[in-house]
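Residue-level structure breakdown
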There are 4 protein chains.
Amino acid sequence: MSEIGIGIVGGGYMGKAHSVAMAAVGAVFDTGLRPRLEMIAASSEDSAERYRRSFGFRRGTGDWRQLVDDPDVQAIVIATPQALHRDITEAAFARGKPVMCEKPMGASLADSEAMVAAAEASGAANMVAYNYIRTPASQFARDLIADGEIGTVTWFRGEHTEDFYADPSAPASWRTSGEANGTMGDLAPHMINAALALIGPVTSLIAEVETVHSERPGGKVDNDDQAQIMCRFANGAMGQMHFSRIATGRKMGYAYEVHGTRGAIRFDQEDQNALWLYRADGPEAERGFRKILTGPEHPDYLPFCQGPGHGTGYQDQIIIEARDFLRAIETGESVWPTFRDGLAVNRVVHAAMTSSRGKCWQDVPTDPSN
Amino acid sequence: MSEIGIGIVGGGYMGKAHSVAMAAVGAVFDTGLRPRLEMIAASSEDSAERYRRSFGFRRGTGDWRQLVDDPDVQAIVIATPQALHRDITEAAFARGKPVMCEKPMGASLADSEAMVAAAEASGAANMVAYNYIRTPASQFARDLIADGEIGTVTWFRGEHTEDFYADPSAPASWRTSGEANGTMGDLAPHMINAALALIGPVTSLIAEVETVHSERPGGKVDNDDQAQIMCRFANGAMGQMHFSRIATGRKMGYAYEVHGTRGAIRFDQEDQNALWLYRADGPEAERGFRKILTGPEHPDYLPFCQGPGHGTGYQDQIIIEARDFLRAIETGESVWPTFRDGLAVNRVVHAAMTSSRGKCWQDVPTDPSN
Amino acid sequence: MSEIGIGIVGGGYMGKAHSVAMAAVGAVFDTGLRPRLEMIAASSEDSAERYRRSFGFRRGTGDWRQLVDDPDVQAIVIATPQALHRDITEAAFARGKPVMCEKPMGASLADSEAMVAAAEASGAANMVAYNYIRTPASQFARDLIADGEIGTVTWFRGEHTEDFYADPSAPASWRTSGEANGTMGDLAPHMINAALALIGPVTSLIAEVETVHSERPGGKVDNDDQAQIMCRFANGAMGQMHFSRIATGRKMGYAYEVHGTRGAIRFDQEDQNALWLYRADGPEAERGFRKILTGPEHPDYLPFCQGPGHGTGYQDQIIIEARDFLRAIETGESVWPTFRDGLAVNRVVHAAMTSSRGKCWQDVPTDPSN
Amino acid sequence: MSEIGIGIVGGGYMGKAHSVAMAAVGAVFDTGLRPRLEMIAASSEDSAERYRRSFGFRRGTGDWRQLVDDPDVQAIVIATPQALHRDITEAAFARGKPVMCEKPMGASLADSEAMVAAAEASGAANMVAYNYIRTPASQFARDLIADGEIGTVTWFRGEHTEDFYADPSAPASWRTSGEANGTMGDLAPHMINAALALIGPVTSLIAEVETVHSERPGGKVDNDDQAQIMCRFANGAMGQMHFSRIATGRKMGYAYEVHGTRGAIRFDQEDQNALWLYRADGPEAERGFRKILTGPEHPDYLPFCQGPGHGTGYQDQIIIEARDFLRAIETGESVWPTFRDGLAVNRVVHAAMTSSRGKCWQDVPTDPSN
């Protein structure tokens, strides 16, 4: 067991989550590498100092370059707005430092591609922080599908729906400006990442992306409120997706359904500790979707609690993520989803935006090395 | 109160359901017209006699023309395979007799159009038997949306999914042959009818229709297993639909979600006595989807039971339908969905099939008189 | 197949339900005996005539004795207030006519005992109309338990809770007067009957029965609002029950949970088409309560619908009941629950009332012939 | 902000949970006092060293007295078997050190009473670690009831049910020996604590406590498998409870239902991020239990996540608990539930055991100072 100095860039929503995760992960998972909260960078010295005190870092800085350069910062977590992802990443990899970057990587497809190149050139551990797929339930769903437990997959439906902009009188903000902050930029990548993880590559799609409320108090809206996709997976399965920030009543509608020839799976993040499994076996009269409560039998649950059904939460996903990043650093082998995996998500998003503009089916370039 | 002689053509699944409904409807709804089970027609004299005895009709016949011609048969319910719908309908209307026809009307769009023409030329009451939309819950959903209770609708998702052909080793049968018996022909019309009823006309769509298991024990399959649609409604809302007979685990997956600017609705026919309503009002901390159990306060529930939450079932939907048909006959005014309304459903199905072949968005002709 | 003349005494809530059931049952179940709605009796000639027309009976009468005496009335359904149950029953059995009597039989334990004596002396078919236990789901639950599918039963929890008197300002009425109309008299028997059917005889109990709102607009309340029971079954299992008419939010809270050494069952009548089954077998990671939707594989479902998950409702329970009564008449063998079975329920209620007054455990006399 | 040296006695299930909580709580809640993981005590030097390394403590010890005496240990968390609770507590309070003790305090009622005396004599902050009641959902339920949002409470039903001993062939262990490890000793206190928190003091009760499987592979069982209670609360409400470790299928069945004159609440820890609320207001047709997902509007949620419905888990409850303990230390004012509050729980348990032996209603002594 040895210590590792962690630097986190950004102290907002996700910066805090990663800070807590780094404080807790050692005790939870008995990790080989033990994080030391070395430095936090923010947009000003003042805010950096505030985050430093609040989250328990040794040092703070208003200049992320200082953090990247600091010899006691041995691994970096990027939790800034997307515009900065590429620069920070490239600087870090130039110094050979491992990076975990918040989704969805670059501010543009070109940025993301550059980030993959930088990561692979450096050889350092790299990871994109898709947290939801790391619940014990979704990890178990992946295993079940990969092991053929529901047979051949014939259908996938996924959604990522929330309602924080459902009210048309909610004022414009930074969230209503810029493609990266729209529904396709901000929410869709989570579910697309899940689709790729659960079913495999998407080969073609057609999408419809729209801004429903184009004017809000305080200004015009220039990014999308909701979108949908019809798609085809490499394994032949048909897929359907929906993304929305105006889905009235939905708070964390990260949900999917998978039909296979011998079973089916349903999951809704709003009840993240349950996975619904249907098996087309046994007497017909006794078949039904079973509500499986996650427990010590499921991936990454036991370190949080010995009792089944006792439940993990949002913060725990980030702790699992931290464990994976530490493991990648320790072993020198990047853990899924790597930057290259993250790029695959971005390509689907890009194809969807293109498709929506042209109102046509679109092929999605797949990565020969994937 | 006066009696009316009912003739039912077809004694299978739906023929029986309509027979029971006609036997029960008078006592349930205290109808002005009281059905007398006058005659049932089947494909042979033997089967007709069997149905007659079993369902309690006065007479049976192996020839539907005899039923249509019989002077004591004053109203006709068609529950045959779709290939016969047009002929029977035209014969009935030629004699000025009211007709309730099983969905989805004609075996082709041309047949359906001819049936509408015949119905309107005759002036007789005409109705298409879409039963699921008649649950108290779905009727209430229609009312809520029409009354603006959830604000402006921005999103609709509907599905009609079952799993009777999910097992690839289930043998070929009449169900796996002929477009009318495929998923788009047989299941999709129910949910498309719901979409039109809840949200309004569909103006354009793109669809993907596919046969997943093209060979089954006993023969080739020439109709579709599953399909999906992206669409736009006349009121601007975006829509998404899915239809399947291979949706492992789904038994009666007639389900929809509607997002509005001030609320949302969710319904799943597998729990047909509950409607989920979200209202974006009151304190944020107390908001949530409420599970409303149908009861005497909801449309057409009270005649079945005075107690809320006591529940109605499949057969009750057919009884409500029978009441509507009798009312239409009595008042001389056809009740929704008329043949013209049924045609609108068929046009959406037709556009979807066309779209899937061309892989392009398709306009759906709307009826100026609708 | 032959006709049988049915006489129903009472045209209110349950009188109507039985009338509809008798009109529909023949076609639904293809019964050997086919009911003819011969005569309905009510408290006045006027109301009897109104019911006659509305429900489709041949004749009506303001005097139930006339109905009992009529030679064309060959079987009798009693749906009057409980005060009349004994007199009508005794008159009917004196003429050797089969009787189906609404629960919970007599207005007192003595009345119920006399009714059992009369029934058994006559040898005519006799049945108590406990409808809820006849859903396909609850019949299936009985089968599962009886077949040992959940192992040895260790625990039973049951409730019958509604909220029609939850509002303290709801006015006094006939329902708030007389023990028979209180919660123990009116609601509890349903769930006690279920407990006996699912688990077996109750041998001892302690109860707490109370009137929460003893004054209501319009008068004093002299019967109970809610009650609870702790009990022991003959097979050693422990049990817990709760009954309430002031259970705010509960509409049809007829619900039970059964724990066995190898599985468990959960049911709630508010979603009467689902039975929840847990099996303690297979991999731990895949265990969970499965939601089984009733379908053709379950008892008495298929005659209502060929499709699973399509659902039966309240009225269908009464139709199943009618089928059982007709079968009992046809075979000459009474069908569960007979009057003697009904008496067993009443004895539990009686013991509970006694226990509550004395605040002590009470033995429940069991019937040697049961 | 200042540091405080934390000593934890015990490194098993709960010792780990408290260790993680102390590592994370500062960053989560931006606490005034910041825990330093100073020392962990275990039953041997070896295990203490193992825990020290794994959880990140500075020092470990095989002797809890050393921990209590250490000047750098300023606050103590007790997570040992109950037999040690009293001794450690008394030693700690003798040194004026604040104590958070795992539930249910002492190994006997006398021990618990002595612990209360010691706590109150010392004046140091004291708290019993009832974690489940600290979910945002249950805290919100407390608020709703306390604020009269559901009117006058008329009924409470609570259960704490799990199934870790449902299988009769599960071998005997430390858990099957000693009253403190039985269901009444180990599980019941959680739900009794909830009952007291939600509804108020219990004044009388009758209980039934039993060992269902008295022999297991490896030995006899001398403590209870399941139990139930009927009770009366000081405010007049009736209550019903059930506790079980043999509740097949239940994993974390900490669940309650509360009926009030104007609303109702339902909660089940197996879906700990949802609270079900029914309000008897608004149009009857729109009433139903609403599923409220916890979010930033609910107590103690926001520090874990800004998004509603994103969910907290088991470990987060312990973090909330840690925050409360630190706040108590900082302000010098003990936070609910204090040792005195914990004693009230133990008195209910004690009365239940007495009642079960005598099979009689039992008064529960309430604390004049409570």
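Residues numbered from 1 in each chain as written. Chains lettered and ligands numbered in written order. Predicted model: local features only at pLDDT ≥ 70, side-chain atom pairs only at ≥ 80, totals over all residues. Heavy atoms only, no water.

**Topic: the interface of chain C and chain D**
Spelled out, the test is: In this description, contact between two residues means that some pair of their heavy atoms is separated by no more than 4.5 Å. For any pair of parts, buried area is found by adding up, for both, the accessible area (1.4 Å probe) each one loses once the two are put together. Any carboxyl oxygen of Asp or Glu within 4 Å of a side-chain nitrogen of Lys or Arg constitutes a salt bridge here. By the criterion applied in these results, polar contacts are pairs of N or O atoms within 3.5 Å in which, for protein atoms, one can donate a hydrogen and the other can accept it, and in which residues neighboring in sequence qualify only through two side-chain atoms. For helices the rule is a DSSP run of H or I covering at least 4 residues; for strands it is a run of E covering at least 2, with both sets numbered from the N terminus onward. Note that Gly is not counted as nonpolar here; it falls among the polar residues with everything else outside the nonpolar set of Ala, Val, Leu, Ile, Met, Phe, Trp, Tyr, Cys and Pro and the charged set of Asp, Glu, Lys and Arg.
At the junction of the two partners, chain C supplies 45 residues and chain D supplies 45 residues. Taken over both partners, the interface formed by chain C and chain D buries close to 3400 Å², and the fraction arising from carbon and sulfur atoms is 55%. Broken down residue by residue, the surface that chain C buries against chain D is led by C:Gln228, C:Met230 and C:Thr248, which jointly contribute 18%. The interface formed by chain C and chain D includes four salt bridges. Across the pair C:Arg232 and D:Glu210 runs a salt bridge whose closest N-O atoms are separated by 2.8 Å. Run the count over chain C and chain D and you get 18 residue pairs in polar contact (both at pLDDT 80 or more). A total of six residues in the side of chain C that touches chain D trace back to one element, the largest contributor, which is strand β11 (residues 226-233) of chain C. In terms of residue class, the side of chain C that touches chain D is built from 19 nonpolar, 13 polar and 13 charged.

**A closer look at the interface of chain B and chain A**
The interface of chain B with chain A comprises 45 residues on the first partner and 45 residues on the second. Summing both sides of the interface, chain B and chain A together bury roughly 3400 Å²; the carbon and sulfur share of this comes to 55%. Contact with chain A buries surface across chain B, with B:Gln228, B:Met230 and B:Thr248 losing the most and accounting together for 18% of the total. Applying the counting criterion to the chain B and chain A interface returns 17 residue pairs in polar contact (both at pLDDT 80 or more). Broken down by secondary-structure element, the contributors of at least two residues to the side of chain B that touches chain A are β7 (153-161), β8 (202-210), β11 (226-233), β12 (238-244), β13 (253-260) and β14 (263-268) of chain B. Looking at the side of chain B that touches chain A, its residues break down into 19 nonpolar, 13 polar and 13 charged.

**So, the pattern of salt bridges**
Just so we agree on the cut-off: For each residue, the accessible area found with a 1.4 Å probe, counting protein chains only, is set against the maximum for its type, and the residue is called buried under 20%, exposed over 50%, and partly exposed in between.
Scanning the model with the defined rule gives 129 salt bridges over all chains in all. Residues B:Arg250 and B:Glu270 are paired through a salt bridge, measuring 3.0 Å at the closest nitrogen-oxygen approach. Here B:Arg250, found in the loop between β12 and β13, pairs with B:Glu270, found in the loop between β14 and β15 (274-279); they are 20 residues apart in sequence, far enough to count as distant. With a shortest N-O distance of 2.8 Å, C:Arg323 and C:Asp324 are connected by a salt bridge. Both residues of the pair, C:Arg323 and C:Asp324, belong to the buried class.

**Remarks on helix α1 (residues 13-29) of chain B**
Residues and elements named next belong to chain B. Note the threshold: Multiplying one less than the number of residues by 1.5 Å gives the expected span of a helix. Two axes enter the bend calculation: one fitted to the seven residues ending at the residue in question, the other to the seven starting there, and the bend is the angle between them.
Compared with the 24 Å implied by 1.5 Å per residue over 17 residues, the 23 Å span of α1 between its first and last C-alpha is a close match. The largest bend in α1 is about 35°, located at Ala 23. Burial of α1 is extensive: 15 of the 17 residues sit out of reach of the surface. Looking one or two places after α1, you find Asp 30, whose phi comes out positive at around 50°.

**Description of the relation of the copies chain B and chain A**
How we decide: The superposition of copies rests on a least-squares fit of C-alpha positions from residues with pLDDT of 70 or more in both.
Mapping chain B onto chain A calls for a screw motion: a turn of 180° about the axis and a shift of 0.0 Å along it, with 0.0 Å RMSD after fitting. In short, the pair behaves as if placed about a two-fold rotation axis. Within chain B, B:Cys360 has its C-alpha nearest the rotation axis, a separation of 3.4 Å. A share of 100% of the interface residues of chain B reappears at the interface of chain A, consistent with the copies meeting face to face through the same patch.

**Section: the pairing of strand β16 (residues 289-293) of chain C**
Basically, it comes down to this: We call two strands paired when DSSP finds no fewer than two bridges between them.
Of all five residues that make up β16(C), four are buried, and the element is covered over most of its length. As paired elements, strand β16 (residues 289-293) of chain A and β16(C) share three bridges and run antiparallel to each other. Of the residues in β16(C), the one forming a bridge with A:Arg290 is C:Arg290.

**Observations regarding the nonpolar core**
Nonpolar side chains in soluble globular proteins tend to be buried together. Put simply, the rule is: Nonpolar cores were defined as sets of buried Ala, Val, Leu, Ile, Met, Phe, Trp, Tyr and Cys residues, with membership established by side-chain atoms within 4.5 Å.
The biggest cluster of nonpolar side chains holds 231 residues, and the ones touching the most others in it are A:Tyr256 and D:Tyr256. Residues in contact with A:Tyr256, not counting those within four places in the same chain, are A:Ser138, A:Ala141, A:Phe156, A:Arg157, A:Gly158, A:Met191, A:Leu198, A:Ile265, A:Arg266, A:Phe267 and A:Leu275. Membership of the second largest hydrophobic core comes to 229 residues, among which are B:Ala48, B:Ile133, C:Phe304 and C:Val364.

**Examining the relation of the copies chain C and chain D**
Of the transformation placing chain C onto chain D, the axial shift is 0.0 Å and the rotation is 180°, giving an RMSD of 0.0 Å. When the interface residues of chain C are mapped onto chain D, 100% of them are again interface residues, pointing to one common binding face.

**Considering unusual backbone geometry**
Along the chain, B:Trp336 connects to B:Pro337 via a cis peptide bond; the corresponding omega equals -10°. Mapping B:Pro337 onto the fold places it in the loop between α9 (314-331) and α10 (339-358). Going from C:Lys103 to C:Pro104, the amide bond is cis rather than trans, its omega being -10°. Along the chain, C:Pro104 turns up in the loop between β5 (99-102) and α5 (109-122). Of note in the backbone geometry, B:Asp30 takes a positive phi value of approximately 50° without being a glycine. If you trace the backbone, B:Asp30 turns up in the loop between α1 and β2 (33-41). The exposure class of B:Asp30 is partly exposed, given its relative accessible area of 44%. For D:Met105, which is not glycine, the phi dihedral falls at a positive 65°. Structurally, D:Met105 can be placed in the loop between β5 (99-102) and α5 (109-122).

**Describing the UniProt feature "domain: Gfo/Idh/MocA-like oxidoreductase N-terminal" (unreviewed entry) in chain A**
Inclusion rule: UniProt positions are given in the numbering used here, feature names are shortened, and annotations may be inferred rather than shown by experiment.
Cross-referencing UniProt, the feature "domain: Gfo/Idh/MocA-like oxidoreductase N-terminal" (unreviewed entry) maps to residues 5-130 of chain A in the present numbering. Taken as a whole, residues 5-130 of chain A contains 46% helix and 23% strand, while its terminal C-alpha atoms sit 22 Å from one another.

**Re the sheet that holds strand β5 (residues 99-102) of chain B**
Residues and elements named next belong to chain B. The test is simple: The angle between two axes is taken between their N-to-C directions and runs from 0 to 180 degrees, where each axis is a line fitted to C-alpha atoms and a helix contributes only its stretch in contact.
In space, the six strands of this open sheet follow the order β3-β2-β1-β4-β5-β6, with parallel pairing throughout. Both outer strands of the open sheet, β3 (59-61) and β6 (126-129), are each paired with one neighbouring strand and no more. The mean inter-strand angle of the sheet, taken between neighbouring strand axes irrespective of direction, is 25°. Its contacts with the sheet put helix α4 (residues 85-94) on β1 (2-9), β4 (75-78), β5 and β6, and the angle it makes with β5 is roughly 175°.

**Comments concerning the domain arrangement of chain A**
Residues and elements named next belong to chain A. This is how the line gets drawn: The start and end points of each domain follow an automatic or database-based domain assignment.
You can read the domains of chain A as domain 1 (2-131) and domain 2 (133-335 + 345-358). Domain 1 and domain 2 are separated by 24 Å when their C-alpha centres are compared. With 38 residues of domain 1 at the interface, the matching set in domain 2 holds 33 residues. Of the roughly 3100 Å² buried between domain 1 and domain 2 on both sides combined, carbon and sulfur atoms contribute 67%. Counting the surface domain 1 buries against domain 2, the share from its top three residues, Phe 29, Tyr 130 and Asn 131, is 27%. Put simply, domain 1 and domain 2 have two salt bridges between them. Glu 113 is paired through a salt bridge with Arg 347; the nearest N and O atoms lie 3.9 Å apart. At the junction of domain 1 with domain 2, the criterion picks out 10 residue pairs in polar contact (both at pLDDT 80 or more). Broken down by secondary-structure element, the contributors of at least two residues to the side of domain 1 that touches domain 2 are β1 (2-9), α1 (13-29), β2 (33-41), β4 (75-78), β5 (99-102), α5 (109-122) and β6 (126-129). If one sorts the elements of the side of domain 1 that touches domain 2 by residue count, α1 sits on top with 11 residues. Residues that form the side of domain 1 that touches domain 2 fall into these classes: 28 nonpolar, eight polar and two charged.

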